[in-house]
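# Structural features, examined
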Amino acid sequence: MSHKYRILLIVSGGIAAYKSLELIRLLNAISCDVTCILTRGGKNFVTPLSLASLSENKVYEDLFSLNDENEMGHIELSKNCNLVLVAPGSADIIAKMRAGIADDLATTVLLCTKKPIFVAPAMNVRMWENAATRDNLQELTSRGVNFIGPDKGEMACGEYGYGRLSEPNTIANYISDFLISPQEPQINTEVSSQLLFGKKAVVTSGPTHEAIDPVRYVTNHSSGQQGHAIAQALSKHGAETVLVSGPTNLPNPNNIKVVNVKTAIQMLDACEKEMPADVVVCAAAVTDWRIEAPSKQKLKKSEKVKSLKLSENPDILAHLGQKRKNRPPLVIGFAAETEDVIKNAKKKLFEKSCDWVVANKVGADTNTFGGDRNKVQLINKTKTESWPEMSKADVGNRLAIKVAEHLSDLKP
Ligand code: CTP
């Protein structure tokens, strides 16, 4: 069968290595020709013969057996593919990748390849949670290595937690998405990297509704999609996440505590109750005013209401950003602007004492409200980063990775 893409699959040590057989079958089904490198550790769990039979390709094992002119050298192996996938990726191979160790064929190929690298980690939960592994992940993520999983669950050793290899179809789906649109930033919304393990995140999302009477209210166009995606991404990267959401039509994200509120005052109150937190992201489009004395009964047309008396709502972001006991170390706001985006966003950064502002253009000529894509700038006190247009899920993921990097830099 002729395949459209070539994948170099590195199978490293671990009980999950047997899943690489199913993975090869699924990758073949999405038009990928798979060539395997089997590490010495991997060979304890899966045989070269089974990998060769399924992939219908020679399986490479030894760095020094490649000297033969007829064989493909390690440089060729690393060049001759669309991407390199390490599945399962043991704690050991991840540590070697970070350190640049090249003491076998797999690590040598990983050190010399210029192709995108994907790693599906699999290890014991305590190895996964160890500070050394988390540092390695963070460093490799910042170098552009993509991580898929791991999943949470029962382990072969009887323990429970993060560290199970992602299911082969999750890995194959992710690879397929990447191969179809490689120009997309390589961000995996399925990743649960645990970069934010031990951190608490509070995210506001959606609009607020300010009642005029029991049936009418004042609000705005916010769909909540961006805020919900940020909460989901922070959670997937291991943060204990609380989503304080105004009324939206979105389903509650998985595995996240959701506090549903209607008004700005309720939103502020719910955020306060969740303090202290390590990071707060105010993505909600809070209605700036509320009706001073909403009618308890439905207003009748015959009452000829000519005006509504408004009071200013509390500014939740400014409140959480101000100098105070338990101020979160990282307070992030949004600036939805129709004009002078950067200038207005910087003004908000200073006026609301926040650390970062995510700025985006909204209005009739953009599809930001209600659309599933976004083009944002990330602004802090010293610099502005312009991100390419991407899905709101990817904005969330990229932001979550930035948050993880920042919080780890703050470590004493
Ligand atoms: N925000 C908030 N509470 C408010 C108003 C805004 O927490 N009462 C937060 C939003 O969640 C966002 C940021 O402040 O993170 C900026 O919101 P935006 O609507 O762009 O600006 P406003 O402060 O409302 O100012 P303006 O409408 O004048 O642009």
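Since the model is a prediction, treat every value here as computed from it, not as a measurement. (Residues numbered from 1 in each chain as written. Predicted model: local features only at pLDDT ≥ 70, side-chain atom pairs only at ≥ 80, totals over all residues. Heavy atoms only, no water.)

## Remarks on the overall build of the protein chain
Helix and strand counts for the protein chain come out as 13 helices and 22 strands. Dimensions of the protein chain, computed from C-alpha atoms along their principal axes, come out at roughly 90 × 45 × 40 Å. Classification of the 412 residues of the protein chain by burial places 49% in the buried group. Within the protein chain, counting contacts between residues at least 6 apart in sequence, those at least 24 apart form 67% of the total. Counting only carbon and sulfur atoms, one obtains 50% of the accessible surface of the protein chain, whose full area is about 20,000 Å². Averaged over its 50 positive side-chain charges, the protein chain has a centre that lies 8 Å from the centre of its 46 negative ones. (Helix = DSSP H or I, 4+ residues; strand = E, 2+ residues; numbered from the N terminus. Buried < 20%, exposed > 50% of the residue type's maximum accessible area, 1.4 Å probe, protein only. Contact = heavy atoms within 4.5 Å. Areas by Shrake-Rupley, 256 points an atom, 1.4 Å probe, with all protein chains shown as cover. Lys, Arg positive; Asp, Glu negative; His and termini not counted. Charge placed at Lys NZ, Arg CZ, Asp CG, Glu CD.)

## Focus on helix H7 (residues 131-142)
Taking 1.5 Å of rise per residue, the twelve residues of H7 would be expected to cover 16 Å, and the 16 Å separating its terminal C-alpha atoms lies within 8% of that figure. A distance of 2.7 Å separates the backbone nitrogen of Ala132 from a side-chain oxygen at the start of H7, and that oxygen is part of Asn130. Two residues or fewer past H7, Gly144 is found with a positive phi of approximately 100°. (Expected span 1.5 Å × (residues − 1). Polar contact = N/O pair within 3.5 Å; in protein donor to acceptor, adjacent residues only side chain to side chain.)

## Comments concerning the pairing of strand S14 (residues 279-282)
Alternating positions in S14 separate into two faces, Val279 and Val281 on one and Val280 and Cys282 on the other, with burial throughout. Relative to S14, strand S9 (residues 200-205) runs parallel, the two sharing four bridges. When the bridges of S14 are listed, Val202 appears paired with Val280. Relative to strand S17 (residues 330-337), S14 runs parallel, the two sharing four bridges. Within S17, the residue paired with Cys282 across the bridge is Gly333. (Pairing = 2+ DSSP bridges.)

## Remarks on the nonpolar core
Among the nonpolar cores identified, the biggest contains 55 residues, and Ile37, Leu234, Val281, Leu399 and Val403 are the most heavily contacted of them. The biggest single contributor to this core is helix H13 (residues 392-409), with seven residues. Built from parts of two domains, this core gets at least three residues from each of domain 1 (5-180) and domain 2 (200-294 + 306-409). Leave out the neighbours within four places in its chain, and Val403 touches Leu196, Leu234, Val279, Leu330, Ile332 and Trp356. (Core = buried A, V, L, I, M, F, W, Y, C linked by side-chain atoms within 4.5 Å. Domains from an automatic or database assignment.)

## Overview of a nonpolar patch on the surface
Side chains of Trp289, Val305, Leu308 and Leu310 sit close together on the surface and give an oily, nonpolar patch of about 380 Å² of accessible area. One can find Trp289 in strand S15 (residues 289-291). (Patch = residues over 30% accessible without salt bridge, like charges linked within 9 Å, V, L, I, M, F, W, Y side chains within 5 Å. Salt bridge = Lys/Arg side-chain N within 4 Å of Asp/Glu carboxyl O.)

## What about the domain arrangement of the protein chain?
Domains assigned within the protein chain are domain 1 (5-180) and domain 2 (200-294 + 306-409). Look at where the C-alpha atoms of domain 1 and domain 2 centre, and you get two points 38 Å apart.

## A word on the site of the ligand
Around the ligand sit 14 residues in total, of which Cys282, Ala284, Leu317, Phe334 and Lys352 are the nearest. Contact between the ligand and Asp288: an oxygen atom at 2.9 Å from a side-chain N or O atom of the residue. Backbone polar atom of Ala336 to an oxygen atom of the ligand: 3.2 Å apart, as the coordinates give it. Surface burial for the ligand is 77%, taken as the share of its 570 Å² of free accessible area covered by protein chains. Judged by the fraction of its atoms near the pocket grid, the ligand is located in the largest pocket. Counting residues per element, the ones that place at least two in the shell around the ligand are helix H11 (316-321) and S17. For the shell around the ligand, the residue count by class is nine nonpolar, one polar and four charged. (Near = heavy atom within 4 Å. 1 Å grid on protein atoms, 1.4 Å probe; cavity = no way out; pocket = protein on both sides within 12 Å on 5 of 7 lines; lining within 4 Å. Sits in = over half its atoms within 2 Å of the grid points. Nonpolar A, V, L, I, M, F, W, Y, C, P; charged D, E, K, R; others polar.)

## Re the packing of aromatic side chains
Both the distance between ring centres and the angle between the ring planes are used here to describe each pair of aromatic rings. Under the defined criterion, the tally for this structure stands at two aromatic pairs. Ring centres of Phe118 and Tyr174 lie 5.7 Å apart, and the angle between their planes is 75°; this geometry places the pair in the edge-to-face category. Of this pair, Phe118 sits in strand S5 (residues 117-121) while Tyr174 sits in helix H8 (residues 168-180), and the two are 56 residues apart along the sequence. In this pair, the class of Phe118 matches that of Tyr174, namely buried. (Phe/Tyr/Trp six-rings, centres within 6.5 Å; stacked < 30°, edge-to-face > 60°.)

## Looking at the confidence of the model for the protein chain
Low pLDDT marks stretches whose predicted atomic positions should not be read closely. For the protein chain, the mean per-residue pLDDT works out to 90, and 92% of the residues sit at or above 70. Throughout residues 184-189 the model reports pLDDT below 50, and contacts reaching past four residues in sequence, or to other chains, amount to 23 contacts. (pLDDT = per-residue confidence, 0-100.)

## Thoughts on the layout of surface pockets
Taken as a whole, the largest pocket holds about 900 Å³ of empty space. Looking at the largest pocket, it is lined by 36 residues, and the ones nearest its centre are Ala284, Ala285, Val286, Phe334 and Ala336. Elements represented by at least two residues in the lining of the largest pocket include exactly helix H9 (225-236), H11 and S17. Here the lining of the largest pocket is composed, by residue class, of 14 nonpolar, 16 polar and six charged. (Points joined across faces, edges and corners; volume = space filled by probe spheres on them.)

## What about the pattern of salt bridges?
Applying the stated criterion across every chain yields a total of 21 salt bridges. Between Lys79 and Glu76 there is a salt bridge; the shortest N-O distance is 4.0 Å. With Lys79 and Glu76 both in helix H3 (residues 74-79) and three residues apart, this pair spans about one turn of that helix. The shortest N-O distance in the salt bridge between Asp355 and Arg327 comes to 3.2 Å. Placement of Asp355 in the loop between helix H12 (341-351) and strand S18 (356-361) and of Arg327 in the loop between H11 and S17 is noted, with a sequence separation of 28 residues between them. Take Arg327: its relative accessible area is 23%, and that puts it in the partly exposed class.

## Some remarks on the environment of Asn28
By secondary structure assignment, the location of Asn28 is in helix H1 (residues 19-29). Owing to a relative accessible area of 15%, Asn28 belongs among the buried residues under this scheme. Taking the C-alpha atoms as reference points, Asn28 and Phe118, 90 residues apart in sequence, are found 17 Å from one another. Filtering out sequence-adjacent residues up to four positions away, Asn28 remains in contact with His3, Asp33, Val34 and Leu54.

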